Amino acid sequence: QVQLVESGGGLVQTGGSLRLSCAASGSIFSINAMGWYRQAPGKQRELVADITSGGNTRYIAFVKGRFTISRDNAKNTVYLQMNSLKPEDTAVYYCKADGRFRVGMEWVSSYWGQGTQVTVSS
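Residues numbered from 1 in each chain as written. Predicted model: local features only at pLDDT ≥ 70, side-chain atom pairs only at ≥ 80, totals over all residues. Heavy atoms only, no water.

What to know about the pattern of salt bridges
Put simply, the rule is: Counted as salt bridges are all cases of a side-chain nitrogen of Lys or Arg within 4 Å of a carboxyl oxygen of Asp or Glu. Residue exposure (1.4 Å probe, protein chains only): buried if accessible area is under 20% of the type maximum, exposed if over 50%, otherwise partly exposed. Secondary structure elements follow DSSP: runs of H or I no shorter than four residues count as helices, runs of E no shorter than two count as strands, and numbering proceeds from the N terminus.
Enumeration according to the criterion identifies 5 salt bridges in this entry. When the shortest N-O distance is used, the salt bridge between Asp 50 and Arg 58 registers 2.8 Å. Using a relative accessible area of 12% as the deciding quantity, one classes Asp 50 as buried. With a shortest N-O distance of 2.7 Å, Arg 66 and Asp 89 are connected by a salt bridge. Here the residue Arg 66 occupies a position in the loop between strand E6 (57-59) and strand E7 (67-72), and Asp 89 occupies one in the loop between strand E8 (77-82) and strand E9 (91-103), the gap between them amounting to 23 residues.

Overview of the nonpolar core
The following threshold applies: Here, the term nonpolar core denotes a set of buried Ala, Val, Leu, Ile, Met, Phe, Trp, Tyr and Cys residues that are joined through side-chain atoms within 4.5 Å. Whether two residues are in contact is decided by their heavy atoms: any pair within 4.5 Å suffices.
Membership of the largest hydrophobic core comes to 30 residues, with the highest contact counts inside it found for Trp 36, Leu 80, Met 82 and Tyr 93. Listing elements by their share of this core, those giving two or more residues are strand E3 (18-25), strand E4 (28-39), strand E5 (46-51), E7, E8, E9 and strand E11 (116-121). The leading source of residues in this core is E9, at 5 residues. In this view, Leu 80 contacts Leu 18, Arg 19, Leu 20, Trp 36, Val 48, Ala 49, Phe 67, Thr 68, Ile 69 and Tyr 93; residues no more than four positions away in its chain are not counted.

A word on the pairing of E9
Spelled out, the test is: In this scheme, strands are said to pair when DSSP sees at least two bridges between them.
Looking at chain direction, E4 and E9 are connected through 9 bridges and run antiparallel. Each residue of the ladder has a partner; that of Ile 28, found in E9, is Phe 101. Where E9 meets E11, 3 bridges bridge the pair, whose relative direction is antiparallel. By the bridge assignment, Ala 91 is partnered in E11 with Val 118.

Quick notes on unusual backbone geometry
Phi is positive for Asn 76, which is not a glycine, with a value near 50 degrees. Along the polypeptide, Asn 76 turns up in the loop between E7 and E8. Note on Asn 76: relative accessible area 26%, which makes it partly exposed.

Rendered as structure tokens:
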């Protein structure tokens, strides 16, 4: 029943911008931190940026100054504004939420989105 629906991915050229969004819905009791991760072919999934319920953020060095993470707690939505995109940013981007989510008759402490492709052409 829980869903994390991502949107905003696509194909852009080097230097372009994209804005990703991820809206959580369904059987959600609470959400704490939310974040964006990415995985390129042949590489491990890595944290890109995350944000706590209090608004504290962190970024990997490669995206610092180019990406901005934000959230709307009332809408259970997290955003990732990506500027000055580089080919190295090409990956599948995944939204992740930490909190309490009902799956069937049980609760889980984290939930992942389905992933959205971001491709940056050189």
